[in-house]
Amino acid sequence: MSKQYPSYSHLNLPLIAQQVQEQWDQEQTFKQSIATRDGQPSFVFYEGPPSANGVPGIHHVMARTIKDLFCRFKTMQGFKVERKAGWDTHGLPVEIGVEKSLGITKEDIGHKISIEDYNKACRTEVMKYKDLWDDLTQKMGYWVDLDHPYITFDNKYIESVWWLLKQLYNKNLLYKGYTIQPYSPAAGTGLSTHELNQPGCYRDVKDTTAVAQFKVIKNEAFSRVFGNFSEDLHILAWTTTPWTLPSNTALAVGPKIQYLLVKTFNPYTFEKVNVMLAKDRFRAYFPEKNDEVSFDDYKGGDKAMPHQIIGEFSGDQLCGLSYEQLIPFVKPMGKAFEVIPGDYVTTEDGTGVVHIAPTFGADDDRVAKAAGIAPLILIDAEGQRRPMVDLQGRFYRIADLDADFVKTNVNTSLYSEYAGRFVKNDYNPSLTEADASLDVDLAVMLKKQNLAFKVEKHTHNYPHCWRTDKPILYYPLDSWFIKTTEYRDKMIDLNGTINWKPKSTGEGRFGNWLENLVDWNLSRSRFWGIPLPIWSSEDHKERICIGSAEELKIEIEKSVAAGWMKNNPLQNFVPGDMSEANYNTFDFHKPYADLIVLVSPTGKPMHRDPDLIDVWFDSGSMPYAQLHYPFENKEYFDQNYPADFIAEGVDQTRGWFFTLHAIASMVFDSVAYKNVVSNGLVLDKNGNKMSKRLGNAVDPFETLKKYGPDATRWYMITNAQPWDNLKFDVEGIAEVQRKFFGTLYNTYSFFALYANIDGFTHQEAEVAFDQRPEIDRWILSELNTLILNVEEAYQQYEPTRAGRMIQYFVDAHLSNWYVRLSRRRFWKGTYSTDKISAYQTLYHNLVTLAQLAAPIAPFFGERLFNDLNSVSGKCKENSIHLTQWFKANSAEIDKQLEERMQLAQDFSSMILGLRKQTKIKVRQPLQKIMIPVSSEAMQQQIDRVKDLITSEVNVKELAYIAEDNDMLVKAIKANFKTLGPKFGKLMKSIAVQITAMSSSDIRQLEQSGKFNLFVEGENIEIELSDVEITTQDIPGWVVATQGNLTVALDITITDELFKEGVSRELVNRVQNLRKEQNFEVTDKIRLQILKDDDILGIIADNLVYICSETLTEDLQWIEQATDELVEVDLGLQNIVKLKVTKY
RNA sequence: GGGCUUAUAGCUCAGGUGGUUAGAGCGUACCCCUGAUAAGGGUAAGGUCAAUGGUUCGAGUCCAUUUAAGCCCA
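This one's a predicted model, so the numbers in the text were calculated from it and none came from an experiment.

Cut-offs and rules
Residues numbered from 1 in each chain as written. Chains lettered and ligands numbered in written order. Predicted model: local features only at pLDDT ≥ 70, side-chain atom pairs only at ≥ 80, totals over all residues. Heavy atoms only, no water. Pairing = 2+ DSSP bridges. Helix = DSSP H or I, 4+ residues; strand = E, 2+ residues; numbered from the N terminus. Buried < 20%, exposed > 50% of the residue type's maximum accessible area, 1.4 Å probe, protein only. Axes fitted to C-alpha atoms, helices over the stretch in contact; angles between N-to-C directions. Contact = heavy atoms within 4.5 Å. Phe/Tyr/Trp six-rings, centres within 6.5 Å; stacked < 30°, edge-to-face > 60°. Near = heavy atom within 4 Å. Polar contact = N/O pair within 3.5 Å; in protein donor to acceptor, adjacent residues only side chain to side chain. Nonpolar A, V, L, I, M, F, W, Y, C, P; charged D, E, K, R; others polar. Parallel < 35°, antiparallel > 145°, perpendicular 65-115°, else oblique. Left-handed = near helix turned anticlockwise from the far one by under 90°. Salt bridge = Lys/Arg side-chain N within 4 Å of Asp/Glu carboxyl O. Arc of directions from axis to C-beta. Core = buried A, V, L, I, M, F, W, Y, C linked by side-chain atoms within 4.5 Å.

On to the sheet that holds strand S23 (residues 605-608). Strand order in this open sheet of four strands is S21-S20-S23-S22, and the pairing throughout is antiparallel. Two strands lie at the open edges of the sheet, namely strand S21 (543-545) and strand S22 (598-599), each paired on one side alone. One ladder, built from two bridges, connects S22 with S23; its direction is antiparallel. Directly across from Val 599, in S23, lies its bridge partner Pro 605.

Moving on, we get to unusual backbone geometry. Put simply, Lys 590 and Pro 591 share a cis peptide bond, and its omega is 5 degrees. Omega for the bond connecting Tyr 629 with Pro 630 falls within 30 degrees of zero, at -5 degrees, which places this linkage in the cis form. Its location among the elements puts Pro 630 in the loop between helix H22 (622-625) and helix H23 (634-639). Positive phi outside glycine occurs at Phe 337, with the angle close to 65 degrees. Structurally, Phe 337 can be placed in the loop between helix H11 (315-318) and strand S11 (338-341). Positive phi values are uncommon outside glycine, yet His 762 reaches one of about 65 degrees. For His 762, the position within the fold is in the loop between helix H26 (730-758) and helix H27 (774-795). Overall, His 762 belongs to the buried group, its relative accessible area being 5%.

The sheet built from four strands is open, its strands ordered S30-S29-S36-S35 with mixed pairing. Of all strands in the sheet, those with a lone pairing partner are strand S30 (955-962) and strand S35 (1038-1042), marking the two edges. This sheet shows a mean twist of 25 degrees between the axes of neighbouring strands, independent of strand direction. As paired elements, strand S29 (residues 926-933) and strand S36 (residues 1045-1050) share three bridges and run antiparallel to each other. Bridge pairing in S36 places Met 930 opposite Ala 1048. Those strands touched by helix H31 (residues 895-918) are S29, S30, S35 and S36, and its axis lies near 45 degrees from that of S36. Contacting S29, S30 and S36, helix H32 (residues 936-953) runs over the sheet at an angle of about 155 degrees to S30.

Another aspect to go through is the packing of aromatic side chains. Inspection of the entire model under this criterion finds 66 aromatic pairs. For the ring pair Trp 87 and Trp 133, a centre distance of 6.2 Å and an interplane angle of 85 degrees mean the geometry is edge-to-face. A residue pair is termed long-range when its members are at least 10 positions apart, and Trp 87 in strand S1 (residues 84-87) and Trp 133 in helix H6 (residues 130-139) qualify at 46 residues. With a centroid separation of 5.2 Å and an interplanar angle of 65 degrees, the aromatic rings of Phe 750 and Tyr 754 are classed as edge-to-face. Of this pair, Phe 750 and Tyr 754 both sit in helix H26, four residues apart, roughly one helical turn.

To continue, consider the protein's contact with RNA strand B. In the vicinity of RNA strand B there are 49 residues, among which Arg 509, Asn 719, Arg 823, Arg 923 and Phe 976 approach most closely. Take the atoms of RNA strand B that sit within 4 Å of the protein: sugar and phosphate atoms are 62% of them. Here a sugar or linking oxygen of RNA strand B sits 3.4 Å away from a polar atom, N or O, in the side chain of Asp 363. For RNA strand B, a sugar or linking oxygen lies 3.0 Å from a polar atom in the side chain of Arg 654. For the surface near RNA strand B, the secondary structure elements donating two or more residues are helix H12 (362-371), helix H17 (503-515), H26, helix H28 (799-827), H31, helix H33 (976-983) and helix H36 (1055-1076). Take the surface near RNA strand B: its biggest share by element is seven residues, from H28. Taken together, the residues of the surface near RNA strand B sort by class into eleven nonpolar, 15 polar and 23 charged.

Let us look at the packing of H28 against helix H29 (residues 833-853). Interaxial distance between H28 and H29 falls to 11 Å at its minimum, and their mutual angle equals 160 degrees. Viewed along their axes, H28 and H29 adopt a mutual orientation that is roughly antiparallel. Considering only the axes of H28 and H29, their crossing is left-handed. Counting all contacts with H28, which are made through Ile 806, Phe 809, Val 810, Leu 814, Tyr 818, Val 819, Arg 825, Phe 826 and Trp 827, the residues of H29 involved are Asp 834, Lys 835, Ser 837, Ala 838, Tyr 839, Thr 841, Leu 842, Asn 845, Leu 846, Leu 849, Leu 852 and Ala 853.

Take Pro 185: it is sitting in the loop between strand S3 (174-184) and strand S4 (189-190). Sequence separation between Pro 185 and Leu 473 is 288 residues; the distance between their C-alpha atoms is 7.4 Å. Here Pro 185 is in contact with Leu 391, Gln 392, Gly 393, Tyr 427, Pro 471 and Leu 473, once residues within four sequence places are set aside.

What follows covers the pattern of salt bridges. All chains considered together, the criterion is met by 54 salt bridges. A salt bridge links Asp 609 to Lys 176; its shortest N-O distance comes to 3.0 Å. Taken as a pair, Asp 609 in the loop between S23 and strand S24 (612-613) and Lys 176 in strand S3 lie far apart in primary sequence, 433 residues in all. The class for Asp 609 is buried, based on a relative accessible area of 7%. Where Glu 486 meets Lys 483, a salt bridge forms, and the shortest distance between an N and an O atom there is 3.9 Å.

So, about H6. Count 3.6 residues to each turn of an α-helix, and residues three or four apart come out pointing the same way. Along H6, the residues classified as buried are Trp 133, Asp 134, Leu 136 and Thr 137. An end-on view of H6 places all buried positions within 160 degrees of arc, on one side of the element. Here the buried face of H6 lies against helix H3 (58-76), S1, strand S2 (145-151) and helix H25 (700-719). Following H6 by one or two positions, Gly 141 adopts a phi angle in the positive range, close to 80 degrees.

Turning to the environment of Val 1039, a few remarks are in order. Relative to the elements of secondary structure, Val 1039 occurs in strand S35. Spatially, the C-alpha atoms of Val 1039 and Pro 50 are 63 Å apart, while their sequence positions differ by 989 residues. Other than its neighbours up to four places away in sequence, Val 1039 contacts Leu 914, Gln 1032, Asp 1033, Ile 1034, Thr 1046, Val 1047 and Ala 1048.

In terms of nonpolar packing, the biggest core is built from 127 residues, with Tyr 5, Phe 728, Phe 751, Tyr 794, Ile 942 and Ile 949 touching the most fellow members. Counting residues per element, this core draws most heavily on H26, at 13 residues. The contacts of Tyr 794, once residues within four sequence positions are left out, are Leu 69, Phe 70, Phe 73, Ala 802, Ile 806, Leu 852, Pro 855, Ile 856 and Trp 885. In this structure, Val 216, Ala 252, Ile 379 and Val 410 belong to the second largest nonpolar core, which totals 71 residues.

To continue, consider the pairing of strand S6 (residues 234-239). In terms of burial, S6 is a largely internal element, six of the six residues being buried. Side chains His 234, Leu 236 and Trp 238 of S6 all project onto a buried face; the interleaved residues Ile 235, Ala 237 and Thr 239 project onto the opposite face, where all are buried too. Here strand S5 (residues 202-215) pairs with S6 via six bridges, running antiparallel. Opposite Lys 215, over in S6, you have His 234 as the bridge partner. Here two bridges tie S6 to strand S9 (residues 272-278), and the two strands are oriented parallel to one another. What sits directly across from His 234, in S9, is Val 275.

Printed below as a string of structure tokens:
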């Protein structure tokens, strides 16, 4: 007996996945899929490293499905696709995780726990969920090399990162600057955004706020705006931090905001003043009830303040005005005291003018830089540039400043009263809330000088340090930067060559980000990360950047010789030895890196800058560092760079996508990736973000277990485009399971059932294409079209299109039409050429579908392929993932054939609709259908599918009616597409007239090809192409129309047709009885019928038909009714008693 | 506040370059088939295409504004 195609009781996708996984494990299929492509061109894929200190979620299944499917597709196309896994191991989340599990805080580091032990804890913490990740990787069918992952905390990895940093350093792209960051003077440390977002950090505080009056200087700009206005003029600006006013160097206005010049009195000095503020804020300071107060009646001290608008200006106009320094403690070094544009200025509160102190606000710093305004900077005793406030939160004491600077830039007579004062009382342990604050004293000073317009207490929400409970300051802190701005144009150019999916992310989100690029702030004040490899002398005049372990070892040797270090921590490291063991003889991390003191060329000690580098630099370095480039794998790297393809979530646009791009652009003058897919979010079924807190997060393991990886992956890919957000609903997976996998599985089961009966193992020679019947050639044509389309879709990184086309084909073409119409060919008749053709055709379809679907549904595709191939042995590979892509055979594509099959489907559907309307069962044969045809070509097309139509709808003949037949009642409609451009505005009237044309008008148009209309006084000639003529009705027939197709059905049931109908009913009942008795489909039977003359009369003509359909070998007419006979109703009061037994 | 995305049937989604009747699947209702049967098929109901304004003979589609949701950034 020949081999049998496996058959299953039902479809169990999770079980299939599990079994296929075992097969892959056993046969090392993943390894083979790479090994068998040795010597072939490579398709380079980079894995974006996840962090294993978090639990994987369902969105990881999404992202990884995308990565996996293209890699599998490219493998089948013959490329060698290596995929190295990776782990992102540094960064704040790891530190927080450790602190949580050890029950410590950052404060304790270095006290309760040594940095050494802390870092050890980080090493374990970061791999906490590695097993879970590996498990998910395997269960979802993501092929990636987990045995040799790159790990960002490895010394080798770090060495490559250092090498990259040194390249940047040598190109002069690393510099030290400052950024305005949240800073806690009480704790003496900067805070991360994350720390600021701790619950309870933001709280309401009551502070003294001031609206200050900035006096505009009468210069050229003044006259340009105000002409010869001769009085004094003040701009009003509000601040919640009056202590920053001495550091003011500019005022920002909104360019599109309207401002008013108002004449009024100062409420403290009662002097007459002219003040400027935003129109939208006018009423906040000058209430309506005072509109009528007269200037003449005003006396100093009156509550009701008279006011009068004397001018209106746009912010644009005001830019460029100069004003006198409000509090002239310190002279700025550079351009200052100008009105500048600020994109973030609003009129929600304050005066619509923002006081700018670049040293104490990130936005301030940014807009000031853009306008060329200098910050207010002091020079301290050590010669360093400092803001006005020292690290303890005090105004600098004069003694702590550089003496020369004090002489030239500080007005000591004014400043000395305030020098040394804490900007917030909270920072001074000896002060309480009751004591006068610096804010208040400054405000009082301004009031006296006619420079304060309004001073009041104001409650606002302000961030506090989670450790000290005291308010934070926004304060300039030292940072290392990469001068990415210098490479901006390069990066934009290179970005133009990258194929982004979707395009808008590359052009919009990423492109705009590049356009507005700022320098990359590389510094992080953390413990667990890659140390910045820069050592500098105390005066910062000498500096070295280390680019390798070898270099570090040599520099330490020098330092040991100079006496700055006792011994060399790298003494056991052997340069050039690339073994793991050699690289484990030391540790680049803190605290070890900080213990290293190097020696400068002039013999001074150099200490490491204490910062760590941004973890994003870690991951952006992976193309090089994963290979330990350039220390190892140089040649391999050259051939496997840049990546052909990467994929991650769209949230990585400014993360990994950017850091890869930036490093590649700056160091290698290249893109890092040629194609990138950025996928959207996975939301819950209601479109809400998934979160553990809300409990709407989907557990990926549960989902995979319940529905299997194939259905999960298929659902995710086909339900929405990867870059759209996915509303994840497990119901959808169930649907995919039923609809797509169920249908495909049923089609296979159908094939297996009959192929096993007939012993079809695909050993016969292929039936020549032109020897195959129309229906076979049709499905093959459709299949080849499908291959082309799917291949193109995968090629263009459009997996959703690919998947949808595949499932449409399986459902609409293969199952619902090909198999349904071909069923008889599989079970009827002998093992003929026609039957073999049917088997070969269906086999070919199934095996091709296994491959087309395999990238998305790797397990199911594998099983389908193996079930087929294990019997036929057609492919030598024992995995679909090792096969070469089955190229489309375009010679088998016949568009005409596809079109006429569509006609057959359309006509069948219309006729079935008519049967439904007239309540005539399909089992009742009918005599005739008629189809009006407009052309010879159309008639020929229909003629070739005539038999399919007639058998599908159970009608005996199909006839054609010529278009000009008088029987046809026609309808006419304007063709807007051709008429529109010709007649424009007359369209509407023309359309009305065309619809109103009579039958004879239509005939005239059809015959002469032309027709004249008289529309709105104009004679208009229309042509045949300007209208659409359809057949609407054929009197005396039941008619259906769909588009431009029309069909008429003859519903007369003649005596003969009736007899045939009843015979078919009988066949149907007999089949049911066979089935009830569990006969095999091949069993021959004896049919006994109780003799009844009426029945006999009806079915006599069709006895042969009845017997052959039911495999009746022996038909007996029983004279006497017995209990064994079953009564069946054939409809229309025809009751028959019969019995079916095995022959 | 800026950039980007999305908005079409109860749900999930299609709808090149504008053309008058806006499609599919699921779900719902009714029905058919019974040699694919723990399958298969048909028919129907269901839409102010987020809103407003504009361009046009004609807008789901093009333009502007707005609303809602989401992401990233500030």
